[in-house]
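Reading the structure
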Amino acid sequence: MRRVRLRSIVRALALSAALAAGPDVRAVAAAPAPTGLQTEVVFTEYAPEAASAELLRRLLSPLAAEQAKEILARSTGHLVEQPLDLPAERFVLYVPATAPPHGYGLLVFVPPWQDARLPEGWSVVLDHYGLIYVSARRSGNEENVLARREPLALLAAYNVMQRYAVDAQRVYVGGFSGGARIALRLALGYPDVFRGALLNAGSDPLGNGVPAVPRMDLFRRFQESTRLVYLTGEYDVAHLAADADSRESMRKWCVFDVDTEVVHGTGHEVASARALSLALQQLSTHTSPNPSQLAACRSQLDKALSAQLDEADALIRRGRPADAQKLLLEIDRRFGGLAAPRSIELQMALNCDPSLPEDRMRARCEHAGGPALPQVSLLAQDRLPGQRLPRR
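Source: prediction; values computed, not measured.

Turning to unusual backbone geometry, a few remarks are in order. Here the residue pair V210 and P211 is connected by a cis peptide bond, since its omega of 0° sits within 30 degrees of zero. With respect to the element layout, P211 can be found in the loop between β6 (196–200) and α8 (216–225). Here the amide bond leading from A340 into P341 is cis, since omega sits at 5°, within 30 degrees of zero. The backbone phi angle of A201 is positive, close to 60°, even though this residue is not glycine. You can see A201 is positioned in the loop between β6 and α8. Positive phi values are uncommon outside glycine, yet C254 reaches one of about 70°. With respect to the helices and strands, the residue C254 is situated in the loop between α9 (237–252) and β8 (258–263). On the basis of relative accessibility, which here comes to 0%, the residue C254 falls in the buried class.

Laid out in C-alpha cells, this is it:
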C-alpha cells in the first residue's frame, strides 16, 4: 500500500523554473509593488527549490527517495513537470507600507485551515517589524504534504522575493498546529532559504522519521544558522508536551539555537498579536552555537551512526539479509540523510543477489530502493491522496 501511495506522490510532484540568484541578490533586486492586504494573489514564477527532485532530496530520507526513483523507473520513467498549476493557486499577502532600510522581512505561513487568511491583529505587528506575510489557499491539514503544502510555501517565498526587496537574513517559515509541523520540515530541508521557524502549537521530534533528518550539508547549516521559536498556549497540554519532546530531541541532535514561549491564559489557538510580537522578536535574536559544544555533539552522533552502519555491513557479509534490512530501515528512520551515501550503498549491496543470473543481478544492483524496500515507514510522513496528516 505504501508503495502505491508513493507512486501517487511521485506522479503528482514536480516543479521547475528558476529561483535564484543568491540570498544577497534577492535582498536588493526587487521592483516596487503594491502594499497593504492583498487577497486572491496570483503567482506565476516556479523555483528550482520546489522541483520534484529537490523535494525528494531534501525532504525524504535517502532510502525513501531511492524507492521513489525506483517506482518512477518502473512506471512513468520520469517526474512529471508540474504538480501544481501555479497560476490557478491563490494566496493572501500583506506588505507593510514602509520598507525597512535593509529590506522587508518575510514570514511564509503554513495554516491548518483551507482558506488563505491573515490572522486577526497581525497586521499591526507585521508593520512594526517590517515583515511581509504570505499564505496559500488549500494548504491545510487535509492537503498533500509533499505535492502541495511544501511546494506552495516554497513558491510563495520565491515569488515574494521576486516582487519585493527582502532581507535574506529575515526570511522565516511558520505555521499553526499541523502547519507548524510542516514549517519544521521546511526549515530542516531548506536552511538556505529560511533562517528561522515559528512553531505555533505544533512540532515533532527529530530521529523518529518524521521529519526526516536532512543530508549532512543541509543539516550542518540548519544547526549553525537556523533559529527555532516554540510558541504554545499555557493550557494546550498535548502540544506543550510535544514541544518538550521536540526541544529535547533538538538538543540531542546538536541544535541549540532554540527559544520557548508559553502564552499564558490560552489553549490551542493561533497566536494573538501580542504573542506574535514576542515570537518575532525572539526569531530575530539568532545565537551562534558554541563551536566546541557543537563539534563534540556532532562527534558523538558520527560515532553512533558509524557503529550502526558497520553493523549493517557485517550482517550483509555474514549472509543475514533480513537482519541487515531491518537495521538499515532503522538507520534510515533515525539518521535520515546523515547516513547517506553509505546507507544507499549498503542497500545496493543488499539488493544484489549472487544467485540470480547476471543480467537480473545487475538490474537489481542499479536501483538502491528496489525490491528490498517494501516497508520504508518514512512514507507515512506525507499525507497522500485519501490519507490525513496525523494530528495530535
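Inspection of every chain in the model, using the stated rule, returns 1 disulfide. Note that C254 is cross-linked by a disulfide to C297, the S-S spacing being 2.1 Å. Between C254 and C297 the sulfur-sulfur dihedral comes to about -90°; the bridge is accordingly left-handed. Of this pair, C254 sits in the loop between α9 and β8 while C297 is found in helix α11 (residues 291–317), placing the two residues 43 residues apart along the sequence. Taken as a pair, C254 and C297 share a single burial class, namely buried.

Before going further, it helps to spend a moment on the sheet that holds strand β3 (residues 104–110). Backbone hydrogen bonds are what pair the strands of a sheet, in a parallel or an antiparallel way. If you trace the 8 strands from one edge of the open sheet to the other, you get β1-β2-β4-β3-β5-β6-β7-β8, paired in mixed fashion. Every other strand in the sheet has two partners, leaving β1 (36–41) and β8 as the edge strands with one partner each. Going across the sheet, the axis of each strand differs from the next one's by a mean of 15°, ignoring polarity. Contacts from α9 reach β7 (227–233) and β8 within the one sheet, and its direction differs from that of β7 by about 160°.

Restricting attention to buried positions, one finds in helix α5 (residues 122–129) the residues W122, V125, L126 and Y129. Buried residues of α5 fall within an arc of 100° about the axis and therefore sit on the same side. Facing away from the buried surface of α5 by more than 90 degrees, the exposed residues are V124 and H128. At its buried positions, α5 is contacted by β2 (91–95), β3, β4 (131–136), β5 (166–176) and α10 (273–283). Where α5 terminates, the next one or two residues include G130, which has phi positive at roughly 60°.

Below, the discussion takes up the packing of helix α12 (residues 321–335) against helix α13 (residues 342–351). At a minimum axis distance of 11 Å, the contact between α12 and α13 shows a crossing angle of 155°. It follows that α12 is roughly antiparallel to α13 by the angle criterion. Judged by the sense of rotation from one axis to the other, the crossing of α12 with α13 is left-handed. Residues P321, A324, Q325 and L328 of α12 touch α13, and the partners they reach there are S343, L346, Q347 and L350.

This paragraph deals with the environment of G189. Tracing the sequence through the fold places G189 in helix α7 (residues 178–189). By relative accessible area, which is 1% here, G189 ends up buried. Between the C-alpha atom of G189 and that of V213, which follows or precedes it by 24 residues, the distance is 8.2 Å. Those residues in contact with G189 that lie beyond four places of it in its chain are R58, L59 and L218.

Take the pairing of β3 next. Along any regular strand the residues' side chains alternate between the sheet's two faces. Of all 7 residues in β3, 7 are buried; the element is thus mostly enclosed. Of the two faces of β3, both are covered, the one formed by Y104, L106, V108 and V110 as well as the one formed by G105, L107 and F109. Note that β3 and β5 share 6 bridges and pair parallel. If you follow L107 over to β5, its bridge partner there is Y172. As judged from the 5 bridges shared by β3 and β4, these two strands associate in the parallel manner. Within β4, the position partnered with F109 by the bridge is S135. Each parallel crossover has a hand, and the one from β3 via α5 to β4 is right-handed.

In this section: the side chain of N144. By the element assignment, N144 lies in the loop between β4 and α6 (145–163). Within polar-contact distance, the side chain of N144 engages the backbone nitrogen of A147 at 2.7 Å.

This part is about the pattern of salt bridges. The final tally for this structure, using the stated rule, is 19 salt bridges. In this structure, R138 engages E143 in a salt bridge whose closest nitrogen and oxygen atoms are separated by 3.9 Å. When its relative accessible area of 39% is taken as the criterion, R138 is described as partly exposed. Shared partners join several salt bridges into a network, and the residues in it are E54, R57, R58 and D192.

A word on the packing of aromatic side chains. Tallying each qualifying case throughout the model produces 10 aromatic pairs. With centroids separated by 4.7 Å and ring planes inclined at 45°, the aromatic side chains of F43 and F91 adopt a geometry described as tilted. Here the residue F43 occupies a position in the loop between β1 and α3 (52–59), and F91 occupies one in strand β2, the gap between them amounting to 48 residues. Pairing W122 with Y133 gives two aromatic rings, centres 5.9 Å apart and planes at 90°, and the pair type is edge-to-face. Taken together, the positions of W122 in helix α5 and Y133 in strand β4 put the pair 11 residues apart, joining distant regions of the chain. There is no split in this pair, since W122 and Y133 are both buried. An aromatic cluster of three or more residues is present, and its members are F109, W113, W122, Y133 and F176. Sitting over the ring of W113, R117 keeps its end group 4.1 Å from the ring centre.

Conventions used here
Residues numbered from 1 in each chain as written. Predicted model: local features only at pLDDT ≥ 70, side-chain atom pairs only at ≥ 80, totals over all residues. Heavy atoms only, no water. Helix = DSSP H or I, 4+ residues; strand = E, 2+ residues; numbered from the N terminus. Buried < 20%, exposed > 50% of the residue type's maximum accessible area, 1.4 Å probe, protein only. Disulfide = S-S within 2.5 Å. Pairing = 2+ DSSP bridges. Axes fitted to C-alpha atoms, helices over the stretch in contact; angles between N-to-C directions. Contact = heavy atoms within 4.5 Å. Arc of directions from axis to C-beta. Parallel < 35°, antiparallel > 145°, perpendicular 65-115°, else oblique. Left-handed = near helix turned anticlockwise from the far one by under 90°. Right-handed = clockwise from strand over helix to strand, strands pointing away. Polar contact = N/O pair within 3.5 Å; in protein donor to acceptor, adjacent residues only side chain to side chain. Salt bridge = Lys/Arg side-chain N within 4 Å of Asp/Glu carboxyl O. Phe/Tyr/Trp six-rings, centres within 6.5 Å; stacked < 30°, edge-to-face > 60°. Lys NZ or Arg CZ within 6 Å of the ring centre and 35° of its normal.

Interpretation note: all reported values are geometric properties and have no functional meaning in isolation.
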